[in-house]
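# Tertiary structure, described
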Amino acid sequence: GGVSWAAISSGDSVNFNEVVMQNAFTGWILGDNGRMLRTVNGGLSWSNAVITIGFDLNGLSRAGSTLWAVGEVGTILRSTNSGNSWTSLDAGSRLSVNWVDCPSVSTGNAVGQTGLILRTTNSGASWNESASPAPSVSCYGVKFTDNDHGWAVGDNGTILRTTNGTSWTLQASP
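All right, on to the overall build of the protein chain then. For the protein chain, the count of helices and strands is zero helices and 16 strands. For the protein chain, the C-alpha radius of gyration of 16 Å lies close to 16 Å, the compact-globule estimate for 174 residues. For the protein chain, the spread of C-alpha atoms along the principal axes amounts to about 45 × 35 × 25 Å. Within the protein chain, the fraction of its 174 residues that count as buried is 47%. A separation threshold of at least 6 residues defines the contact pool for the protein chain, and within that pool the share at least 24 residues apart is 32%. The averaged location of the 11 negative side-chain charges in the protein chain is 8 Å from the averaged location of its 8 positive side-chain charges.

If you want it as structure tokens, here you go:
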């Protein structure tokens with residue numbers, strides 16, 4: 001797989017920012033202006049997901065049937081039914097959230113603009129902001145191997161690491 005690629009028109013002109021596949025058939029695409037598409041046939045066709053938000057959506061993560069989407073001005077959305085409906089959650093921050101990773105249904109971690117690091121351990125009911133060792137740096141990716149061990153990456157070769165999910169340290173970039 002992956003040797004040849006075929007273009008499939010979405011009929012859209014917005015920028016798409018993330019794609020996540022649950023399996024070979026079901027997946028989602030996020031994009032600017034709150035655009036979200038869903039496929040149930042392996043990407044042969046895409047339909048609009050019902051999202052009533054006009055902000056850019058930047059990142060998507062899945063744990064079981066729970067999906068998390070993040071974006072501009074602190075947007076965090078959660079679906080507990082595989083993307084059929086979505087709930088807006090208040091992260092407290094109005095900085096843009098660029099990426100999210102959820103190693104479990106209850107635990108989620110997000111990074112974003114100018115040092116923003118957010119964490120929930122109660123399925124998004126509340127989000128706590130962690131201090132970044134590089135507060136002026138925007139991060140664009142975060143990945144956890146379990147609920148406590150993770151890395152975030154960002155501007156100017158920045159690599160951040162945590163071993164408890166809440167305290168972050170700066171790692172040297174070669």
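Scanning all chains against the criterion turns up three salt bridges. The salt bridge involving Asp90 is made with Arg94; its shortest N-O contact spans 3.2 Å. With respect to class, Asp90 is no different from Arg94; both count as exposed. The residue Asp148 makes a salt bridge to Arg119 at a minimum N-O spacing of 3.7 Å. Of this pair, Asp148 sits in the loop between strand E13 (139-144) and strand E14 (150-154) while Arg119 sits in strand E11 (residues 117-120); the two residues are 29 residues apart in sequence, bridging distant segments of the chain. Residue Arg119 is classed as buried on the basis of its relative accessible area, which comes to 8%.

There is about 250 Å³ of room inside the largest pocket. Along its surface, the largest pocket is lined by Ser4, Trp5, Ala6, Ile8, Val19, Met21, Gly42, Gly43 and Trp46. Here the lining of the largest pocket is composed, by residue class, of six nonpolar, three polar and no charged.

Next up on the list: unusual backbone geometry. A positive phi angle is found at Asn33, which is not glycine, with a value near 55°. Using a relative accessible area of 51% as the deciding quantity, one classes Asn33 as exposed. Despite not being glycine, Asn156 has its phi angle at roughly 55°, a positive value. With respect to the helices, strands and loops of the structure, Asn156 is situated in the loop between E14 and strand E15 (158-162).

A few words now on the sheet that holds strand E1 (residues 16-21). Taken together, the four strands give an open sheet; going across it, the order is E1-E2-E3-E4, and neighbouring strands pair in antiparallel fashion. Edge positions in the open sheet fall to E1 and strand E4 (47-48), since each of these has one partner strand only. Where strand E2 (residues 27-31) meets strand E3 (residues 36-39), four bridges bridge the pair, whose relative direction is antiparallel. From the neighbouring strand, Leu30 faces E3, where its bridge partner is Met36.

The next point concerns the side chain of Glu18. Mapping Glu18 onto the fold places it in strand E1. Despite its burial, Glu18 remains without a salt bridge, the nearest opposite charge being carried by Lys143 at 9.6 Å. Excluding anything up to four places from it in sequence, Glu18 contacts Trp28, Ile29, Leu30, Asn58, Gly59, Leu60 and Trp99.

A word on the packing of aromatic side chains. Using the criterion set out here, one finds two aromatic pairs in the structure. Look at Trp68 and Trp127: their rings are 5.9 Å apart centre to centre, the planes differ by 85°, and that puts the pair in the edge-to-face class. Residue Trp68 is located in strand E6 (residues 66-71), and its partner Trp127 is located in the loop between E11 and strand E12 (128-129); the two are separated by 59 residues in the primary sequence. The residues Trp68 and Trp127 share a single accessibility class, namely buried. Arranged with centres 6.0 Å apart and planes meeting at 80°, the rings of Phe144 and Trp168 form a pair that is edge-to-face. One end of the pair, Phe144, is in strand E13; the other, Trp168, is in strand E16 (residues 168-171), with 24 residues separating them in the sequence. Trp168 matches Phe144 in its accessibility class, with the two residues each being buried.

The rules behind these values
- Residues numbered from 1 in each chain as written.
- Predicted model: local features only at pLDDT ≥ 70, side-chain atom pairs only at ≥ 80, totals over all residues.
- Heavy atoms only, no water.
- Helix = DSSP H or I, 4+ residues; strand = E, 2+ residues; numbered from the N terminus.
- Rg over C-alpha atoms; globule rule 2.2 N^0.38 Å.
- Buried < 20%, exposed > 50% of the residue type's maximum accessible area, 1.4 Å probe, protein only.
- Contact = heavy atoms within 4.5 Å.
- Lys, Arg positive; Asp, Glu negative; His and termini not counted.
- Charge placed at Lys NZ, Arg CZ, Asp CG, Glu CD.
- Salt bridge = Lys/Arg side-chain N within 4 Å of Asp/Glu carboxyl O.
- 1 Å grid on protein atoms, 1.4 Å probe; cavity = no way out; pocket = protein on both sides within 12 Å on 5 of 7 lines; lining within 4 Å.
- Points joined across faces, edges and corners; volume = space filled by probe spheres on them.
- Nonpolar A, V, L, I, M, F, W, Y, C, P; charged D, E, K, R; others polar.
- Pairing = 2+ DSSP bridges.
- Phe/Tyr/Trp six-rings, centres within 6.5 Å; stacked < 30°, edge-to-face > 60°.

Any functional reading would require information beyond the geometric quantities listed.
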